[in-house]
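Listed here are the chains, written in short residue letters.
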Amino acid sequence: APVMRPDLSKCHDASSLVLGDCLKCCPPYTSGDIVDYTFPETPLRVRRAAQEVIKDSEYMDKYKEAVRRMKKLPDDHPWNFYQQAQIHCAYCNDAYDQVGFPCVPVQIHYGWLFLPWHRYYLHFYERILGKLINDDTFTLPFWNYDSPHGMTMPEIFTDASSPLYDGNRNTSHYPPVIVDYAHSHDYTAGSGETGNGLVRANQCVMQKTFKRSLQRAELFMGEPQRAGQKPCSGPGQLECIHNTIHNWVGMKEYPHTDMGDFATAARDCIFFSHHANIDRLWHIYQTMRGYKIEFNNPDWLDSTFIFYDENEQIVRVKVRGCLTPDKLWYTYQEVPIPWIDLDC
Ligand code: C2O
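Residues numbered from 1 in each chain as written. Predicted model: local features only at pLDDT ≥ 70, side-chain atom pairs only at ≥ 80, totals over all residues. Heavy atoms only, no water.

Draft legend 1. Region of the structure containing the layout of surface pockets. By volume, the largest pocket is sized at about 530 Å³. Lining of the largest pocket is provided by 22 residues; of these, Leu17, Asn93, Tyr110, Asp261 and Phe262 occupy positions nearest its centre. When residues of the lining of the largest pocket are traced back to their parent elements, those giving at least two are strand E1 (14–16), helix H7 (237–249) and helix H8 (262–265). If one sorts the elements of the lining of the largest pocket by residue count, H7 sits on top with three residues. Residues of the lining of the largest pocket, tallied by class, amount to 10 nonpolar, 10 polar and two charged. The calculated volume of the second largest pocket comes to roughly 200 Å³. Looking at the lining of the second largest pocket, the element that brings in the most residues is helix H9 (residues 270–288), giving four residues. (1 Å grid on protein atoms, 1.4 Å probe; cavity = no way out; pocket = protein on both sides within 12 Å on 5 of 7 lines; lining within 4 Å. Points joined across faces, edges and corners; volume = space filled by probe spheres on them. Helix = DSSP H or I, 4+ residues; strand = E, 2+ residues; numbered from the N terminus. Nonpolar A, V, L, I, M, F, W, Y, C, P; charged D, E, K, R; others polar.)

In structure tokens, the structure reads:
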């Protein structure tokens, strides 16, 4: 059976290996109807690359203003910047038990829920930002780290005077330092490459990830995760690259906040551009497969999540509702994808 939506009224303290057991991540909730989400028909919204939007000052002003407003909302407002980050904590740090399985936490990492859940999370976050600045066309930028043009932390996030800035990062990885897909928390691993060699090594990792998994969706997306199953450790290969990038951005020192811990990761605006790229890579994967559905199985398709939408309504969504970006009325700017036919 599919993993059902969590019961908000039973949300409890969350825990994290590094931050302890009494994390408060539950969304503000007393009672209230939960309705099926109806997808708003907006103009097709285009998510652009971070290295492009930096040249568009009108866009940058809007994005910053939206985040500024989100940060100023009352602490218990469901749209508040930190509340938005708590959504991630609650779904990832065991604040919910699965309905009908009191000892099994809801966990949307390490398996086939990873990509759809984060697609929805970004969708609602983006719609809320748009609402805060009254712009129905607002989109998040993507961090294009699969391309040689995007392999450093986007500069839109490294200006300390911007509301998009977060001080809890590994500042020794600021531009021009190139991301390393083989990086590990404790610096015991690494590609051993620098400069162009590193750019090339990263691209080859990406290419191999796609090639290997093209015929077997669970290799890319993650292993099945069904109702009542303990969160399994079957992350897809894209999720693994994603983890590395989290660790590479988070603070060098233990406990590697913000990006290096699920409970705090979404307090850094870069999180959403990181995930926009993960989401875009999923879409590229779908295109390469000719849109053959990854898992034609109700246990996946009917997995259910809940979010606050941009009208402060609590809504229910299913995996089947988000299979392609156009279902949510957005798409990605086309940028060159040099790793596709690199000679690796
Ligand atoms: Cu839910 Cu990038 O992690």
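And the narrative resumes.
Draft legend 2. The arrangement of the nonpolar core in detail. Core analysis: the largest hydrophobic core is formed by 102 residues, its most contacted members being Tyr63, Tyr91, Leu129, Trp300, Phe305 and Phe307. The leading source of residues in this core is helix H4 (residues 114–132), at 11 residues. Excluding residues within four positions of it along the chain, tyrosine 91 makes contact with Pro6, Tyr96, Val106, Gln107, Ile108, Trp117, Phe305 and Ile306. (Core = buried A, V, L, I, M, F, W, Y, C linked by side-chain atoms within 4.5 Å. Buried < 20%, exposed > 50% of the residue type's maximum accessible area, 1.4 Å probe, protein only. Contact = heavy atoms within 4.5 Å.)

Draft legend 3. Representation of H7. Taking 1.5 Å as the rise per residue, H7 with 13 residues should run 18 Å; its terminal C-alpha atoms sit 19 Å apart, in good agreement. Among the residues of H7, Leu238, Glu239, Ile241, His242, Thr244, Ile245, His246, Trp248 and Val249 are the ones counted as buried. Turning to H7, the residues buried within the fold contact H4, helix H5 (195–213), helix H6 (217–221), H8 and H9. (Expected span 1.5 Å × (residues − 1).)

Draft legend 4. The arrangement of the state of the cysteines in detail. Throughout the structure, instances matching the rule amount to three disulfides. What pairs with cysteine 11 in a disulfide is cysteine 26, and their sulfur atoms sit 2.1 Å apart. Between cysteine 11 and cysteine 26 the disulfide shows an S-S torsion of about -95°. By sign, it is left-handed. Note that cysteine 11 is positioned in the segment before E1 and cysteine 26 in the loop between strand E2 (20–23) and strand E3 (34–36), a separation of 15 residues in sequence. Put simply, cysteine 204 and cysteine 344 are joined by a disulfide, and their sulfur atoms are 2.0 Å apart. (Disulfide = S-S within 2.5 Å.)

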